[in-house]
Amino acid sequence: AELQASEREVWRAVGVFADEYRTVLAGMRTAYRDAADLVSEAAAIVREADAAVLGPLSALLVVLIDDAQAISRGVLTVVRALRERGIAVLAFGDPDISSGAFRGASPQLFHELSGLLDEVFVLDAPHRQAPGLTELTRTLTQAIGVAGRVEHRRPPAPTPTTPDPCVQAFLAPSPYEEADRIAGTLRDWHLTHDIAWSDMAVIAHDTRQVTALETELAAREVPTRAAGVQRPLGSEGVVRDIVGIVRLALQPVHEREPEALIAALCSPFGGMDAVGLRRLRARLRHIELAEGGTTPAAELLRQAMAFPATFTLVDAPEARVALRFATTLAETTAGAEAGETIHELLWRIWADARARDGSTLQRHWREIADQPGGGETAHALDALVALFDAAKRFVERTPTEQAATFVRDILDSEVPEDTLSTPDRPGLVTLLTPATALGTQFEAVVIAGVQDGVWPNTRLRGGMLETWALADAITAARTGREPTTPGVLDRRREALHDELRLFVRAVSRARSRLVVTAVDDDSTGPSPLFSFLPDPPPLSEHPTAEHPLTLRGLVARHRRTLTSSTGVAARAEAAGQLAVLAAEGVPGADPDDWYGTAAPSTDAGLHDLATEAARVSPSKLESFEECELNWAISSLGGDTVLPPAAGIGTIIHEAMETVPDGDLDKLRAVLEKHWPELDFETEWIGRKEHRRADVYLERLHAYLRAVESERGRVLASEVEFRFAVAVAEHAAYEIEAGTTPPAPAVHIGVDADGPHRAIVHGFIDRVEAYPRGAGEHAAARGQKTTPMTEGANGERVVVVDLKTGKYEPDSDSKVEEHAQLAAYQIAVEQGLVAGADATALAGARLLLVAKTLSGSDYRIAHQHTLEGEARARFLNRLADAARGMSGSSFTAHIEAHCADVQWRVKPCRIHTVPAVSA
């Protein structure tokens, strides 16, 4: 009974829904018409309606049809109705440029149209194109199959002995070279032949090519507009940035992805760069670790963005930038909850970005947009204006709709929004497809991207649903004949002829000049259509190869001459031209703006050793000695990305610290606990790295078991040390040439800080102790090592530094001068490790788990105890490094480090590769 009652309730609800649905249907428009319905109804009205219904149209005498080759069958029906009513019809068209088969237009329909009219006239003589272009057009039309009428065709003239300069072909070795030459050709026409930008056009086969050309030509300082090509607002980067921030504001705090927050923070509206982001995440992580937490840096940033007051804990410029952005994000969320429209929410974000640092963003963008080559920035500003217009229309049309709907429409839609018509800007080169080029003409035209497989594109249309069969069936029903099934070759031939008509249409748009371009490289080649064109000249003979034809290119050319030429006259000419350009305010011409010519903002060193101590990290000492400049860039924030391998090493180190006995299950538990903190690009990379980390743990387990078998014990793990080395005003080797300098004094405790000191601070991974005669086996494990010395009481104290990298020194000879191990030994020697007998120090060792030997699960590289000259030499290294790290200039060792990129794991942080343009 309960089930039956429940079913009755369900059917009652269904009935209510059905009634509401019928009510909605009854309120919808019933007189809706699509284009085909409108044309059909118009033909019926023209044919049957009386004068009272037609109104002013009853007095119609003549109808003119332009581009009649593009009519559809519906328009043909209207023409028949007009003729039946006695109205004269004059149609103008060329069946050889008909290409609307996708919407029902064909040359056959033009033939039927001409049969409805009384007379057919043919324009016999050319009235628009130059003779060379006329001959090319006639030659191309000879290859198109006949469709109805042919009396308009004229044979081309005999091939001239010398090629006509008005028609040129060009083959580029790369797409970028093609864009360069197109820009150079357009600029040559504009400057040399006085052709206005607006009287030039670039025609490509499809909208994808037009979009790419718009970007490339704008970057080459050619003013362009893409006619008839609309892109969705969401495809513009600046639009995605600002709307993405609104999407974040509309999301609950716990659903905001860290990656999306980072992208928003590093956008133009967030105001932070990659270096600042890295510093901010590191500072948040340090605070978390100091409080004993284990939250990853990305999650810490997400939490801080949800609670902006967190950033007040960090006293740094990047924290203040993040605080301001997080506050704006919170205010945007509050505004959305208060019912603000999407237009108001967008204005919140833009107003904050505009107000930051005194309208720097807006002023900077406008300055770039007004400069040569600022087309991309101008396009971004246009996209922002279009976005705010779209938001305003959205609010006006749907005032009760939520802002989330607009955000979803912009970011997730691939269809361009309906836009209001705006007047075209003057002085722009028009970018077209053959379809949008109908009814246009230009003084000069470039047909770009004529590649094999792209133009002609003979791929059969409608293959999946066989739409061509539907059209054939309708034609057969109209004519009373049996439907025929054309073969693949016939349909492919029709597609080829349609592509040829597109090419003829593109060629016929030019009045006096035509250039056809394509790329000829290893992956693609020119179209067979180039067989109709004159042979392309060599690249060196192209007119744009001799002169840059841009102010920026002219400045670059004269600067190169001035700085590299040995001719006095050439350098004097270049200097004079640069002076003229600088007087006109051309960017880059004034030597005061050149990189490296401005005076340094300060020549003070990074540290003043006379007033404060310098910090020297043992792990960075060798990096500084290898290349001072590379160290400086890294120390000042040049490392913007922390590789996952560093995180794996941190986990392995913590496992050794927390599981000193080497229990494999406990070691793996540490790995599993911290593994979610690491970020990898893909899941398969994460799985591969996890397997590698597990192998390292197995090797660490083998070492720790070997220590246990040798009766070794752990004295300390991750022990912090800090000592200072006296720093003289001059380098140690300058004190007395030819003699070994004395070791500088070592200070610990409160005496460490102060002037002329080098503070050495770090953490020792592990300090082990072995009884008399033990420890050799744990160190060796199948490899040859030098016996360790024993302390006064027969015990051996050994410093262990765990390394998980693949490129660490792996033999005793390679670690003789290892800075980290030497610093650790000094720390033990000075009694900074509790429980470790300094007199029992037997040296230090690197434990390598990324490298192994046959018969061994790990590898050991041992450093002997620092004594006498070796100890003095290392302490002087620290003093020299402190002086160097505190300096005002840093040397780049080009040959030894910067230029050697073949074997280096981490490439140099400065560019030393010669310029390609040289």
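Structure's up top.
Residues numbered from 1 in each chain as written. Predicted model: local features only at pLDDT ≥ 70, side-chain atom pairs only at ≥ 80, totals over all residues. Heavy atoms only, no water.

K.L.:
What is the right way to look at the overall build of the protein in this model?
P.N.:
The secondary structure content of the protein amounts to 30 helices and 15 strands. Expressed as a percentage of the 918 residues in the protein, the buried residues total 41%. Relative to all contacts within the protein whose residues are 6 or more apart in sequence, the contacts with residues 24 or more apart total 77%. In the form shown here, the protein has an accessible surface area of approximately 49,200 Å², with 55% of it arising from carbon and sulfur atoms. (Helix = DSSP H or I, 4+ residues; strand = E, 2+ residues; numbered from the N terminus. Buried < 20%, exposed > 50% of the residue type's maximum accessible area, 1.4 Å probe, protein only. Contact = heavy atoms within 4.5 Å. Areas by Shrake-Rupley, 256 points an atom, 1.4 Å probe, with all protein chains shown as cover.)

K.L.:
Looking at this structure, I do not really get the side chain of Thr137. What am I missing?
P.N.:
Relative to the helices and strands, Thr137 is located in helix α6 (residues 131–141). Within polar-contact distance, the side chain of Thr137 engages the side chain of Gln129 at 3.1 Å. What Thr137 contacts, discounting residues up to four positions off in sequence, is Gln129, Val504, Val507 and Ser508. (Polar contact = N/O pair within 3.5 Å; in protein donor to acceptor, adjacent residues only side chain to side chain.)

K.L.:
Just checking my understanding: could you explain the sheet that holds strand β5 (residues 224–226) for this structure?
P.N.:
Hydrogen bonds between backbone atoms are what pair the strands of a sheet, whose relative direction is either parallel or antiparallel. With parallel pairing, six strands are arranged side by side in an open sheet as β3-β8-β7-β4-β6-β5. Two strands close off the open sheet at either side, each with one partner strand: β3 (167–172) and β5. Averaged over all neighbouring strand pairs, the angle between strand axes comes to 20 degrees, with direction disregarded. The pairing of strand β4 (residues 200–203) with strand β6 (residues 429–432) spans three bridges and is classified as parallel. Looking at the pairing, Ala201 lines up with Thr430 of β6. Its contacts with the sheet put helix α7 (residues 175–192) on β3, β4, β6, β7 (442–447) and β8 (510–519), and the angle it makes with β8 is roughly 165 degrees. Running over the sheet, helix α8 (residues 207–219) touches β4, β5 and β6 and is turned about 155 degrees from β6. (Pairing = 2+ DSSP bridges. Axes fitted to C-alpha atoms, helices over the stretch in contact; angles between N-to-C directions.)

K.L.:
What am I meant to see in the packing of α7 against α8 here?
P.N.:
Any two packed helices are characterised by how steeply their axes cross, that is the angle between the axes, and by the distance between the axes. The geometry of α7 relative to α8 is characterised by a closest axis approach of 10 Å and an angle of 65 degrees between their N-to-C directions. Taken together, the axes of α7 and α8 lie roughly perpendicular to each other. Between α7 and α8 lies a crossing of right-handed hand. Only Leu213, Glu216 and Leu217 of α8 make contact with α7, whose side of the interface consists of Tyr176, Ala179, Ile182, Ala183 and Leu186. Looking at the contact of α7 with α8 residue by residue, the class counts come to seven nonpolar, no polar and one charged. (Parallel < 35°, antiparallel > 145°, perpendicular 65-115°, else oblique. Left-handed = near helix turned anticlockwise from the far one by under 90°. Nonpolar A, V, L, I, M, F, W, Y, C, P; charged D, E, K, R; others polar.)

K.L.:
I would appreciate a short explanation of a nonpolar patch on the surface in the present structure.
P.N.:
Taken together, the side chains of Leu61, Val62, Leu64, Leu90 and Phe92 define a hydrophobic patch exposed on the protein surface, amounting to about 510 Å² of accessible area. Relative to the helices and strands, Leu90 is located in strand β2 (residues 88–91). (Patch = residues over 30% accessible without salt bridge, like charges linked within 9 Å, V, L, I, M, F, W, Y side chains within 5 Å. Salt bridge = Lys/Arg side-chain N within 4 Å of Asp/Glu carboxyl O.)

K.L.:
Even after reading the chapter, I still don't get the environment of Ala448, so can you show me in this structure?
P.N.:
As for its placement among the helices and strands, Ala448 is situated in the loop between β7 and α18 (467–479). You can call Ala448 buried: its relative accessible area is 2%. Residues Ala448 and Val516 lie 68 residues apart in sequence; the distance between their C-alpha atoms is 5.9 Å. When near neighbours in sequence (up to four residues on either side) are disregarded, Ala448 contacts Glu178, Ile182, Val202, Ile203, Ala204, Leu213 and Thr517.

K.L.:
Mind showing me how you'd approach the pairing of β4 here?
P.N.:
Along any regular strand the residues' side chains alternate between the sheet's two faces. Of the two faces of β4, both are covered, the one formed by Met200 and Val202 as well as the one formed by Ala201 and Ile203. Two elements, β4 and β7, share four bridges in a ladder whose sense is parallel. Looking at the pairing, Val202 lines up with Val446 of β7.

K.L.:
What's the story with the pattern of salt bridges in this structure? I'm lost.
P.N.:
Where side chains of opposite charge bring their charged atoms close, a pairing between them can arise. One pass over the full model with this rule turns up 32 salt bridges. Two residues, Arg687 and Glu683, come together in a salt bridge whose shortest N-O distance is 3.9 Å. Separated by four residues within a single helix, Arg687 and Glu683 lie in helix α26 (residues 683–709), roughly one turn from each other. On the basis of relative accessible area, Arg687 is assigned to the partly exposed category, the value being 47%. For Glu683, a relative accessible area of 64% gives the class exposed. We note a salt bridge from Arg873 to Glu869, for which the minimum N-O separation is 3.5 Å. Linking Arg873 with Glu869, this pair stays in helix α29 (residues 868–885), spanning four residues, or about one helical turn. Relative accessible area serves as the criterion here: at 36%, Arg873 is assigned to the partly exposed category.

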